[in-house]
Amino acid sequence: KAGVTQTPRYLIKTRGQQVTLSCSPISGHRSVSWYQQTPGQGLQFLFEYFSETQRNKGNFPGRFSGRQFSNSRSEMNVSTLELGDSALYLCASSLVGGLADTDTQYFGPGTRLTVL
Amino acid sequence: GDSVTQMEGPVTLSEEAFLTINCTYTATGYPSLFWYVQYPGEGLQLLLKATKADDKGSNKGFEATYRKETTSFHLEKGSVQVSDSAVYFCALMDYGGSQGNLIFGKGTKLSVKP
């Protein structure tokens, strides 16, 4: 079974631009979560989608948004990029998210975003 | 709120040494606990997990026991290899609180020397 895939793997943007990252979950998984990883703040939760609905959101500004499609694929968008948005963005998929205590999140390789 | 605290790194060991990485947690509900590992330039890989008190998770020689009385989930391995060099993250998911997100510790970098 194929794992979680993320595209692109690397991205370079300039301040003020916007960016869209894509995540394809493991087949059959309906929950997709996004995390930001930086050296200073570590791993922080952005948001989680389940069956095309955002169920949970972390403490990030409204410039960070996402969506999920009917095939469970997800995208996240960051508008008006700032230097501090430079990070590794990780996507994780699971069967049903937090609805079952036996559920497990599986991560993709991440997208490395650099903002200049 | 929920939180995870793990020992600061980096940790440097010789091959075949015993490894312990401490992890403690605070949670309002009944969390599941996880250890993830991240190799350079890669995403996170699930190493092991435990879903209730006294459960022991194990994988690839690594073990961790869910201790509710001490709110701990320490990672251990009896004999580390150079290939175990990576960053290890302890995490929880609290099903009594927020759904769908993991809460991570800061990570512990392990370097194993031949």
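That block above? That's the structure.
Notes on the structure follow. Since this is a predicted model, take the numbers as computed values, not measurements.

1. Observations regarding the overall build of chain A
Along its length, chain A carries zero helices and eleven strands. The C-alpha radius of gyration computed for chain A amounts to 13 Å, which stays within 12% of the reference 13 Å derived for 116 residues, consistent with globular compactness. Over its C-alpha atoms, taken along the principal directions, chain A stretches across nearly 40 × 25 × 25 Å. In chain A, buried positions account for 50% of the 116 residues. Here the analysis covers contacts within chain A between residues at least 6 apart in sequence; of these, 56% occur between residues at least 24 apart. Per element, the accessible surface of chain A, about 5300 Å² overall, is 49% carbon and sulfur. Here chain A carries 11 positive and 7 negative side-chain charges, and the mean point of each set is 7 Å from the other.

2. Re the sheet that holds strand 9 (residues 75-77) of chain B
All names here are of chain B. On the basis of which strands lie adjacent, the open sheet formed by four strands has the order 3-9-8-7 and antiparallel pairing. The strands lining the two open edges of the sheet, one partner per strand, are strand 3 (19-21) and strand 7 (56-59). In this sheet, adjacent strand axes meet at a mean angle of 15° when their direction is disregarded. Two strands pair when backbone bridges link them, and strand 7 and strand 8 (residues 62-65) are joined in this way by four bridges, in the antiparallel orientation. If you follow Lys 56 over to strand 8, its bridge partner there is Thr 65.

3. With respect to the state of the cysteines
All names here are of chain A. For the structure on display, the rule yields two disulfides over all chains. The disulfide partner of Cys 23 is Cys 91, and the gap between their sulfur atoms is 1.7 Å. Judged by the torsion about the S-S bond (-50°), the Cys 23/Cys 91 disulfide is left-handed. Within this pair, whereas Cys 23 is found in strand 3 (residues 19-24), its partner Cys 91 is found in strand 9 (residues 87-94), the two being separated by 68 residues in sequence. Residue Cys 23 shares its accessibility class with Cys 91, and that shared class is buried.

4. Digging into the sheet that holds strand 7 (residues 64-68) of chain A
All names here are of chain A. Pairing within the open sheet is antiparallel, and its four strands lie in the order 1-3-8-7. Of all strands in the sheet, those with a lone pairing partner are strand 1 (5-7) and strand 7, marking the two edges. The sheet shows a mean angle of 20° between the axes of neighbouring strands, taken without regard to direction. Bridging between strand 7 and strand 8 (residues 74-78) involves five bridges; their strand directions are antiparallel.

5. Notes on the interface of chain A and chain B
The accessible area lost on association of the parts is a frequent measure of interface size. On the chain B side, the residues contacting the 26 residues of chain A number 21 residues. Summed over the shared surface of chain A and chain B, the result is zero salt bridges. Counting only elements with at least two residues in the side of chain A that touches chain B, the list comes to strand 4 (31-38), strand 5 (42-50), strand 6 (53-57), strand 9 and strand 10 (106-107) of chain A.

6. Things to note about the pattern of salt bridges
Residue and element names in this part refer to chain A. Inspection of the entire model under this criterion finds eight salt bridges over all chains. Here Arg 55 ties to Glu 48 by a salt bridge, and the two come within 2.5 Å at their closest N and O atoms. With a relative accessible area of 27%, Arg 55 lands in the partly exposed category. A salt bridge links Arg 63 to Glu 82; its shortest N-O distance comes to 3.6 Å. Of this pair, Arg 63 sits in the loop between strand 6 and strand 7 while Glu 82 sits in the loop between strand 8 and strand 9; the two residues are 19 residues apart in sequence, bridging distant segments of the chain. A residue is classified by how much of its surface remains accessible, and Arg 63, at 16% relative accessible area, is buried. Overall, Glu 82 belongs to the partly exposed group, its relative accessible area being 42%. Connected through shared salt-bridge partners, Arg 63, Glu 82 and Asp 85 make up one network.

7. A few points about the nonpolar core
Ranked by internal contacts, the top residues of the largest apolar core, which has 25 residues, are B:Trp35, B:Leu48, B:Phe73, B:Leu75 and B:Tyr88. Breaking this core down by element, the ones donating at least two residues are strand 2 (11-14), strand 3, strand 4 (23-26), strand 5 (31-38), strand 6 (44-50), strand 8, strand 10 (86-94) and strand 12 (108-113) of chain B. Residues in contact with B:Phe73, not counting those within four places in the same chain, are B:Cys23, B:Leu33, B:Phe34, B:Trp35, B:Leu48, B:Lys49, B:Ala50, B:Ala64, B:Thr65, B:Tyr66 and B:Cys90. Ranked by size, the runner-up nonpolar core spans 21 residues in total, among them A:Leu21, A:Phe64, A:Tyr89 and A:Cys91.

Thresholds applied
- Residues numbered from 1 in each chain as written.
- Chains lettered and ligands numbered in written order.
- Predicted model: local features only at pLDDT ≥ 70, side-chain atom pairs only at ≥ 80, totals over all residues.
- Heavy atoms only, no water.
- Helix = DSSP H or I, 4+ residues; strand = E, 2+ residues; numbered from the N terminus.
- Rg over C-alpha atoms; globule rule 2.2 N^0.38 Å.
- Buried < 20%, exposed > 50% of the residue type's maximum accessible area, 1.4 Å probe, protein only.
- Contact = heavy atoms within 4.5 Å.
- Areas by Shrake-Rupley, 256 points an atom, 1.4 Å probe, with all protein chains shown as cover.
- Lys, Arg positive; Asp, Glu negative; His and termini not counted.
- Charge placed at Lys NZ, Arg CZ, Asp CG, Glu CD.
- Pairing = 2+ DSSP bridges.
- Axes fitted to C-alpha atoms, helices over the stretch in contact; angles between N-to-C directions.
- Disulfide = S-S within 2.5 Å.
- Salt bridge = Lys/Arg side-chain N within 4 Å of Asp/Glu carboxyl O.
- Core = buried A, V, L, I, M, F, W, Y, C linked by side-chain atoms within 4.5 Å.

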